[in-house]
Amino acid sequence: MAPELTPSIEELEAQERRLVFRRFTHDDAWALGLLLVRLARERQAPVAVDIRRGGQQVFHAALPGSTPDNDAWIDRKRRVVERYGSASYLVGARFRAKGTTFEESSRLDPDTYAAHGGSFPVTVADVGVVGTVTVSGLPQLQDHRMVVEALEEFLKDEI
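Residues numbered from 1 in each chain as written. Predicted model: local features only at pLDDT ≥ 70, side-chain atom pairs only at ≥ 80, totals over all residues. Heavy atoms only, no water.

*Asks:* Tell me about the pairing of strand 2 (residues 48-53), and please be specific about residues and values.
*Replies:* In terms of residue burial, strand 2 counts as a mostly covered element, since five of its six residues are buried. Here strand 2 runs beside strand 3 (residues 56-62); their pairing, made up of six bridges, is antiparallel. The residue bridging D50 from the neighbouring strand is H60, located in strand 3. The loop that links strand 2 with its antiparallel partner strand 3 comprises two residues; one of these, G54, has a positive phi angle of about 55°. Sheet topology note: the strand 2/strand 5 (residues 128-136) ladder contains six bridges and is antiparallel. If you follow A48 over to strand 5, its bridge partner there is S136. (Buried < 20%, exposed > 50% of the residue type's maximum accessible area, 1.4 Å probe, protein only. Helix = DSSP H or I, 4+ residues; strand = E, 2+ residues; numbered from the N terminus. Pairing = 2+ DSSP bridges.)

*Asks:* Which residues make up the packing of aromatic side chains, and what values do they have?
*Replies:* Evaluated as defined, the whole model comprises six aromatic pairs. Both rings, one in Y84 and one in F102, keep their centres 6.1 Å apart while their planes meet at 65°; by these two values the pair is edge-to-face. Of the two residues, Y84 sits in helix 3 (residues 68-84) while F102 sits in helix 5 (residues 102-105), which places them 18 residues apart along the sequence. Residue F102 is classed as buried on the basis of its relative accessible area, which comes to 4%. Note on F95 and F102: the rings are 5.3 Å apart at their centroids and 90° apart in plane angle, and the pair reads as edge-to-face. Members of the aromatic cluster, joined through ring pairs, are F21, F24 and F154. (Phe/Tyr/Trp six-rings, centres within 6.5 Å; stacked < 30°, edge-to-face > 60°.)

*Asks:* A description of helix 3 should follow, citing residues and the corresponding values.
*Replies:* Over its 17 residues, helix 3 runs 25 Å from end to end, which matches the ideal 24 Å to within 8%, given 1.5 Å per residue. Taken together, the buried positions of helix 3 are N70, I74, R76, K77, R78, V80 and V81. (Expected span 1.5 Å × (residues − 1).)

*Asks:* For helix 2 (residues 26-42), give the residues involved together with the corresponding values.
*Replies:* With 17 residues, helix 2 extends 24 Å from end C-alpha to end C-alpha; this agrees with the ideal 24 Å at 1.5 Å per step. Every buried residue belonging to helix 2 is among D28, A29, L32, G33, L35, L36, V37, L39 and A40, and all of these are buried. Next to the buried residues of helix 2 lie strand 1 (20-21), strand 2, strand 3, strand 5 and helix 6 (140-154). A positive phi of about 50° marks Q44, the residue just after helix 2. (Contact = heavy atoms within 4.5 Å.)

*Asks:* With reference to specific residues and values, describe the side chain of R78.
*Replies:* By the secondary structure assignment, R78 is in helix 3. On the basis of relative accessibility, which here comes to 10%, the residue R78 falls in the buried class. Among the polar contacts made by the side chain of R78, one reaches the side chain of D75 at a distance of 3.2 Å. If we skip the residues at most four places from it in the chain, R78 touches D50, R52, S119, T132 and T134. (Polar contact = N/O pair within 3.5 Å; in protein donor to acceptor, adjacent residues only side chain to side chain.)

*Asks:* Could you give an account of the sheet that holds strand 2, with specific residues and numbers?
*Replies:* Read across the sheet, five strands follow the order 1-4-5-2-3 without closing on themselves; strand pairing throughout is mixed. With one partner strand each, in any of the chains shown, strand 1 and strand 3 form the two edges of the open sheet. Seen against the sheet, helix 2 touches strand 1, strand 2, strand 3 and strand 5 and runs at an angle of roughly 20° to strand 3. (Axes fitted to C-alpha atoms, helices over the stretch in contact; angles between N-to-C directions.)

*Asks:* So what about the pairing of strand 4 (residues 119-124)? Which residues, and what values?
*Replies:* Among the six residues of strand 4, six are classified as buried, and the element is accordingly described as predominantly covered. Judged from the two bridges that link them, strand 1 and strand 4 form a sheet pairing that is parallel. The residue of strand 4 that forms the bridge with F21 is V124. Here strand 4 runs beside strand 5; their pairing, made up of six bridges, is antiparallel.

This is the structure we're talking about:
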C-alpha cells in the first residue's frame with residue numbers, strides 16, 4: 001500500500017471553502033454524527049466523535065476501542081478550531097510550513113490546545129464558523145480525512 005500523501009495548505013484551505021453549510025441545526029448535527037459513526041463502524045475505527053454548535057455539545061459517541069484519552073484530544077483539537085477558525089490539521093500545517101511547530105510557536109498551552117488533525121470548523125454561508133466536528137482515535141491525517149469524507153457526503157447536494 002502506498003503511503004498517504006500529505007495534503008498541501010492550498011488543498012486544506014480549498015476543503016474549508018467548499019465544505020460550507022446553508023444552515024446547521026441540532027438535527028443536522030445529529031445526522032452528521034450518525035454518518036460519522038456509520039463510517040467508523042464500517043472501518044472498525046476505534047474513534048470518538050464530537051459535534052458542537054454554538055459552544056454546546058450536540059453529539060458525542062465513543063466507539064469500541066476508543067478511550068477517555070480520545071475525549072481529551074477532542075477538546076484540545078476543538079479549541080484550536082475555535083481559536084483560529086480553521087481545521088486543526090490546517091493550523092498545524094501552517095506552522096510546519098514556517099519551519100516550526102504549533103507547540104513551539106503558538107505560545108498556547110499544549111495541554112489545552114493541539115493542532116493535530118481531526119477537528120473541522122462547521123461554517124454556515126454568510127454567517128461564519130458556528131461549531132466544530134471532531135474525530136479522535138486514528139492517526140491525525142486519517143482523523144482529518146474521516147471528517148472531510150463525512151462532510152462531503154453530508155453536503156453533497158449543497159456543494
